[in-house]
Amino acid sequence: MDLKRLRILQTLARHGTVAAAAESLHLTPSAVSQQLAVLAKEAGVPLLERHGRGVRLTGAARVLLTHADAIGVQLERARADLAAHAHGGVGEARVGGFPTALASLVAPAVAHVRETHPGWRFAIVEKETEDAIPLLVAGDLDLAVVMNSPQVPAADHPTLVLHPLLSEPVHMALPAGHPLADLPELDLAADLVDEEWVLTAEGTACHALAAQACGQAGFQPRVRHHVTDFGAMYALVAAGLGVAMMPHMSLASAPPGVAVRPLRAPAPRRHLFAAVRRGSAATPLLNALRDRADGLAESVRRRPLPPADPRLALSRSGVPGYRDAID
């Protein structure tokens, strides 16, 4: 039986319909149905049966699925053994991650591995956590740097393993002339309930982190703007259009006119992981990512937040003097 067809069957089991499975796999529904028909012939048993207007898995299909995860794990172990046989000197990895992880973790780690293991080749693609996880499961990525979110699998996931990398604080970004910028730290419930917020789109990991933190503080943020790019979020904040919850690794892109203030403990944190398929070996890249993350954790502890400078503030029209505009 073909492993790719087994993965199509696994995808159908996760999504429930041929159309949803096809969308996840970037195939047509017809192609999914044809591949499953071939798999049924290979297995010698029917795998699908009519159910209303759609189809559902047969009992034989569910028996096959119990073995599919183990087959995938065993294949990863075989690949790991082959890599170990070559002493780890040659390899190839497809790596995904969100922008700040690519800039602060993946790029330096890959550069290090290329120096220490010149036989390794890499293909890097920008993917948010919610997009990277299904690509990793499908075998289209070999490693993904992801953050805590509802889409991240549990520790007992049958085919994926999460290696902790970094626990990163998040802070509040404010217009530099905002009255709250004078405070040494902010309290979500006491200080930010009435503010207008800039958040990433619903369904993204960063949106989930901010929404959860505000929910635990007892309120829902008044979201006025949805922006995915952190640079654009900082620009909106600098223009006085709202406040934003920003991860520590994004501070390097904070422009003049933005004040960054810490949140009062217990403050929310962004937890980063290297996700790989279960059974795969600890590659030189995974080790380099861990080393880089350890260095970042130390710099986070030592690096103070930039001071607020109200002279750099912008009004809502873009004219210096945000504090005068709101006063």
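This structure is a prediction, so every number in the text was calculated from the model and none was measured.

Trainee: Honestly, the pairing of strand β2 (residues 54-57) in this entry has me stumped. Any pointers?
Mentor: Every other side chain in a regular strand lies on the same face of the sheet, so the side chains alternate between the two faces. Where strand β1 (residues 48-51) meets β2, 4 bridges bridge the pair, whose relative direction is antiparallel. Across the sheet, Glu-49 pairs through a bridge with Arg-56, a residue of β2. As consecutive antiparallel partners, β1 and β2 are separated by 2 residues, and within that stretch Gly-52 has a phi angle of approximately 65 degrees, a positive value.

Trainee: Would you mind showing me how to read the packing of helix α1 (residues 3-15) against helix α3 (residues 29-43) here?
Mentor: When two helices pack together, their arrangement is given by the angle between the helix axes and the distance between those axes. Running from N to C, α1 and α3 cross one another at 115 degrees; their axes reach a closest spacing of 9 Å. Helix-helix and strand crossings are classified by hand; for α1 and α3 the assignment is left-handed. Of the residues in α3, those touching α1 at Arg-5, Leu-6, Ile-8, Leu-9 and Leu-12 are Val-32, Gln-35, Leu-36, Val-38, Leu-39 and Glu-42. Counted by class, the contact of α1 with α3 contains 8 nonpolar, 1 polar and 2 charged residues.

Trainee: I'm lost on the pattern of salt bridges in this one. Help?
Mentor: Pairing between side chains of opposite charge can happen when their charged atoms approach one another. Under the definition given, this model contains 10 salt bridges. Ionic pairing is found between Arg-79 and Glu-76, a salt bridge with its closest N-O pair at 3.1 Å. Here Arg-79 pairs with Glu-76, and both are found in helix α4 (residues 59-85), just 3 residues apart, close to one helical turn. Since its relative accessible area comes to 42%, Arg-79 is described here as partly exposed. Across the pair Glu-185 and Arg-264 runs a salt bridge, and its minimum N-O distance is 3.1 Å.

Trainee: Just checking my understanding: could you explain the packing of aromatic side chains for this structure?
Mentor: Aromatic ring pairs are described here by two measures, namely the spacing of the ring centres and the angle between the planes. Enumeration over the complete set of coordinates arrives at 2 aromatic pairs. Ring geometry for Trp-120 and Phe-122: centres 6.0 Å apart, planes at 20 degrees, overall stacked. In this structure, Trp-120 and Phe-122 share a single accessibility class: buried.

Calculation criteria
Residues numbered from 1 in each chain as written. Predicted model: local features only at pLDDT ≥ 70, side-chain atom pairs only at ≥ 80, totals over all residues. Heavy atoms only, no water. Pairing = 2+ DSSP bridges. Helix = DSSP H or I, 4+ residues; strand = E, 2+ residues; numbered from the N terminus. Axes fitted to C-alpha atoms, helices over the stretch in contact; angles between N-to-C directions. Left-handed = near helix turned anticlockwise from the far one by under 90°. Contact = heavy atoms within 4.5 Å. Nonpolar A, V, L, I, M, F, W, Y, C, P; charged D, E, K, R; others polar. Salt bridge = Lys/Arg side-chain N within 4 Å of Asp/Glu carboxyl O. Buried < 20%, exposed > 50% of the residue type's maximum accessible area, 1.4 Å probe, protein only. Phe/Tyr/Trp six-rings, centres within 6.5 Å; stacked < 30°, edge-to-face > 60°.

Coordinates in, geometry out; function isn't part of it.
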